[in-house]
Amino acid sequence: MRRRAAEYRRPVRRRFSYWIWALFGLFSIAGLVLLVVHHNQHEDRVEQPVLERNTGLDQVAHESLNFTEEILSARSFSRQLAEQMTLAKAYVIIAKEHNNLHLAWELSSKIRNCQLLLSKAAMRGEPVTLEEAEPIIKSLSYLIFRAEDAHYDIATTIMTMKSHIQALEERANAATVQSTVFGQLAAEALPKSLHCLNVKLTADWLRKPSLQELADEKRNSPRLMDNNLYHFCIFSDNVLATSVVVNSTVSNADHPKQLVFHVVTNGINYGTMQAWFLSNDFKGSTIEVHNVEEFSWFNASYAPIVKQLLNADSRAYYIGGYKDNVAPKLRSPKYQSLLNHLRFYIPEIYPQLEKVVFLDDDVVVQKDLTPLFSLDLHGNVNGAVETCLEAFHRYYKYLNFSNTIISSKFDPQACGWAFGMNVFDLIAWKKADVTARYHYWQEQNADGTLWRVGTLPPGLLTFYGLTEPLDRRWHVLGLGYDLNIDNRLIESAAVVHFNGFMKPWLKLAIERYKPLWERYVNQSHPYLRDCVTS
């Protein structure tokens, strides 16, 4: 009878073993990938500087083993160890579920030995030898057999593992949201060096009456209203970023003295902006700075967005945490800034201008932009680069088409376009009464159901049928989040845009693109030198 039972049990165990290997095949692959990624990251952080300091002999020794290939090779001891370790981790969970704590402890101990051996192999750049691998493989095999022998109930094991997989997925999702929130907070934080620069410039503005007198004098310059010149608008509270936009534009202009920059900032940074642009020369271009708080017409009775931002519920939505499924980047406090919405009021700010180029403060200009002013917009108001070469940049991704107000008026497949470098025909703007259209859509979205937040969705509605697509080379986006933009596309671009979290003035910046921005920072300025070193 015992013999029959044993004969019956062996195939069950064998079938169970097949099930377990199939169930944890995915875990094995994931473990291998994580190990390879960890090794590659370690190479980037630790070994690369060593290669730069040492002789070429070290590099040859390091390249003698490609650990990525080693860990994926079916014949290597490294792969056998990694696969056994992955299966052992699964049995640690099962053993704990069945309160077999001693077996779980034994498995965990062998897993640590396995991890240590693989780590040493990766560090020294040599494959794991038979002598090193054999004791661990034998002991792990024995422990895994014991685990299979003790827990061969396939249904129970699979249910246990499914619950753990679900828990891991929930933890992974929570970690993803948390990392996004942390990234958002890091992107919004003002670097110490930039705060230092602001303090020094504000002090200059307050203690030097000559700067304020010069500002009053330049405020009445006839160049500010001369439509024979080239006018650019920048709305920002970041003095260094604004300076880079201006500096890169004039540095690449054929006739920089014909350029006029209209900068609007908030009350806190007004003195900072004035002190910087009055005390630095930008190749003879004209620069004026306004304080948004001085625009008396920009109030709650005229602008719906001002009324909404003063509403307690709206403020709670923008700054009240991340408790719902709204993407953290859409809950950024920057959307509370009136500067972010001024782009819809350019004719009110500059009533005598006929055409302007609007630039975001996170762009870098690489070519002469004056040809934009002679482009034929064919009666349209807004000249912009379309973004629907990527399938997800269409209207249905930004707007709520389940609402009949949206679905009855707009094509969900209509092509989106980019804010950040836009040509605005202000004569056509006034003729089409574009600002009134913007007010209408903001009022319709008072409850926040037509779109979430931001300026692009209402822009898509406001300029619908009034946008002229521009050549893609005028404006290349993604330098604040996309690691893989083609170098040829960047080199051919008139404007590159660091849209995304990874702004070039932050430590989060993508190193590959950062020099494009840094070349236009006045590194010789004493305030910048002092702030960076301090």
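Residues numbered from 1 in each chain as written. Predicted model: local features only at pLDDT ≥ 70, side-chain atom pairs only at ≥ 80, totals over all residues. Heavy atoms only, no water.

With that settled, consider the overall build of the chain. Within the chain one finds 22 helices and nine strands. In the chain, buried positions account for 48% of the 534 residues. For the chain, the proportion of contacts with a sequence separation of at least 24, taken over those separated by at least 6, is 75%. Here the chain displays about 27900 Å² of accessible surface, and carbon together with sulfur accounts for 54% of that area. (Helix = DSSP H or I, 4+ residues; strand = E, 2+ residues; numbered from the N terminus. Buried < 20%, exposed > 50% of the residue type's maximum accessible area, 1.4 Å probe, protein only. Contact = heavy atoms within 4.5 Å. Areas by Shrake-Rupley, 256 points an atom, 1.4 Å probe, with all protein chains shown as cover.)

Taken in spatial order, the seven strands make up an open sheet running S3-S2-S1-S4-S7-S6-S8, and their pairing is mixed. Looking at the sheet topology across the chains shown, the edges are occupied by strand S3 (286-291) and strand S8 (467-469). Averaged over all neighbouring strand pairs, the angle between strand axes comes to 25 degrees, with direction disregarded. Bridge analysis of strand S4 (residues 355-359) against strand S7 (residues 421-425) gives five bridges, and the strand direction is antiparallel. Bridging from a neighbouring strand, Phe 358 pairs with Asn 422 of S7. (Pairing = 2+ DSSP bridges. Axes fitted to C-alpha atoms, helices over the stretch in contact; angles between N-to-C directions.)

Another point: the packing of helix H10 (residues 209-219) against helix H12 (residues 270-279). Remark: H10 packs on H12, axes separated minimally by 10 Å, with the N-to-C direction vectors making an angle of 80 degrees. Classified by the angle their axes make, H10 and H12 are roughly perpendicular. Together, Leu 211, Leu 214, Ala 215, Lys 218 and Arg 219 of H10 and Tyr 270, Gln 274, Ala 275 and Leu 278 of H12 make up the contact between the two elements. Residue classes in the contact of H10 with H12 are distributed as six nonpolar, one polar and two charged. (Parallel < 35°, antiparallel > 145°, perpendicular 65-115°, else oblique. Nonpolar A, V, L, I, M, F, W, Y, C, P; charged D, E, K, R; others polar.)

With that out of the way, let us pick up the environment of Gly 267. Within the element layout of this structure, Gly 267 appears in the loop between strand S2 (259-265) and H12. Residue Gly 267 is classed as partly exposed on the basis of its relative accessible area of 30%. Along the chain, Gly 267 and Asn 291 lie 24 residues apart, while their C-alpha atoms are 5.7 Å from each other. Filtering out sequence-adjacent residues up to four positions away, Gly 267 remains in contact with Asn 291 and Glu 293.

What follows is about the packing of aromatic side chains. Within the structure shown, the criterion is met by 29 aromatic pairs. Judged by centre distance (6.4 Å) and plane angle (75 degrees), the ring pair of Phe 358 and Phe 419 falls under edge-to-face. Taken together, the residues Phe 358 in strand S4 and Phe 419 in the loop between helix H16 (404-407) and S7 connect sequence positions 61 residues apart. We classify Phe 358 as buried; its relative accessible area is 2%. Here Phe 419 falls in the buried class, since its relative accessible area comes to 8%. On the numbers, 5.5 Å between centres and 75 degrees between planes, the contact of Trp 429 with Phe 463 is edge-to-face. Of this pair, Trp 429 sits in helix H17 (residues 426-432) while Phe 463 sits in the loop between helix H19 (456-462) and S8, placing them 34 residues apart in sequence. Since its relative accessible area comes to 1%, Phe 463 is described here as buried. Geometry around Phe 419 places Arg 343 over its ring, the cationic atom sitting 4.8 Å from the centre. (Phe/Tyr/Trp six-rings, centres within 6.5 Å; stacked < 30°, edge-to-face > 60°. Lys NZ or Arg CZ within 6 Å of the ring centre and 35° of its normal.)

Turning our eyes to something else, we now look at the pairing of S3. Of all six residues in S3, six are buried; the element is thus mostly enclosed. For the segment spanning S2, H12 and S3, crossover handedness is right-handed. (Right-handed = clockwise from strand over helix to strand, strands pointing away.)

For H12, a buried count of nine out of 10 residues is recorded, marking the element as mostly surrounded by other parts of the structure. Among all positions in H12, only Tyr 270, Gly 271, Thr 272, Met 273, Gln 274, Ala 275, Trp 276, Phe 277 and Leu 278 are buried.

With that settled, consider the packing of helix H9 (residues 192-207) against H10. A pair of packed helices is captured by two measures, namely the crossing angle of their axes and the spacing between those axes. Two elements in contact, H9 and H10, have axes whose closest approach is 5 Å; the angle formed by their N-to-C orientations is 85 degrees. Taken together, H9 and H10 sit at an angle that is classed as roughly perpendicular. Residue-level contacts link Asp 204, Trp 205, Leu 206 and Arg 207 of H9 to Pro 209, Leu 211, Gln 212 and Ala 215 of H10. A breakdown of the residues in the contact of H9 with H10 according to their chemical character gives five nonpolar, one polar and two charged.

What follows is about the nonpolar core. Ranked by size, the top nonpolar core spans 63 residues in total, and within it Leu 197, Leu 359 and Leu 369 carry the most contacts. Residues contacting Leu 359, with those up to four places away along its chain left out, are Phe 232, Cys 233, Ile 234, Val 245, Thr 249, Val 365, Leu 369, Gly 420 and Met 421. The next biggest cluster of nonpolar side chains, apart from the first, holds 44 residues, and it includes Val 264, Leu 339, Phe 419 and Ala 428. (Core = buried A, V, L, I, M, F, W, Y, C linked by side-chain atoms within 4.5 Å.)

Attention now goes to the state of the cysteines. The term disulfide refers to a covalent linkage connecting the sulfur atoms of a pair of cysteines. The tally for this structure, following the rule as stated, stands at two disulfides. With a sulfur-sulfur separation of 2.1 Å, Cys 196 is cross-linked through a disulfide to Cys 531. The sign of the -75 degrees torsion about the S-S bond sets the Cys 196-Cys 531 disulfide as left-handed. Highlighted residues: Cys 196 in helix H9 and Cys 531 in helix H22 (residues 526-533), separated in sequence by 335 residues. Here Cys 196 matches Cys 531 in class, with each residue buried. Disulfides within the chain link the bonded cysteines, taken in sequence order, as 1-4, 2-3. (Disulfide = S-S within 2.5 Å.)

Applying the stated criterion across every chain, the model contains 11 salt bridges. Arg 124 is the salt-bridge partner of Glu 126, the closest N and O atoms lying 3.8 Å from each other. Overall, the relative accessible area of 44% leaves Glu 126 in the partly exposed class. On the basis of relative accessible area, Arg 124 is assigned to the partly exposed category, the value being 32%. A salt bridge links Asp 204 to Lys 208; the nearest nitrogen and oxygen atoms lie 3.9 Å apart. Salt bridges linked by common partners bring Arg 124, Glu 126 and Glu 132 together as one network. (Salt bridge = Lys/Arg side-chain N within 4 Å of Asp/Glu carboxyl O.)

Before going further, it helps to spend a moment on the confidence of the model for the chain. Taken residue by residue, the chain gives an average pLDDT of 81. The fraction at 70 or more is 77%. This model gives residues 1-63 a pLDDT under 50, and the stretch forms 50 contacts once residues within four places in sequence are excluded. Considering only residues more than four positions removed or in separate chains, one finds that residues 320-325, a stretch of pLDDT under 50, has nine contacts. (pLDDT = per-residue confidence, 0-100.)

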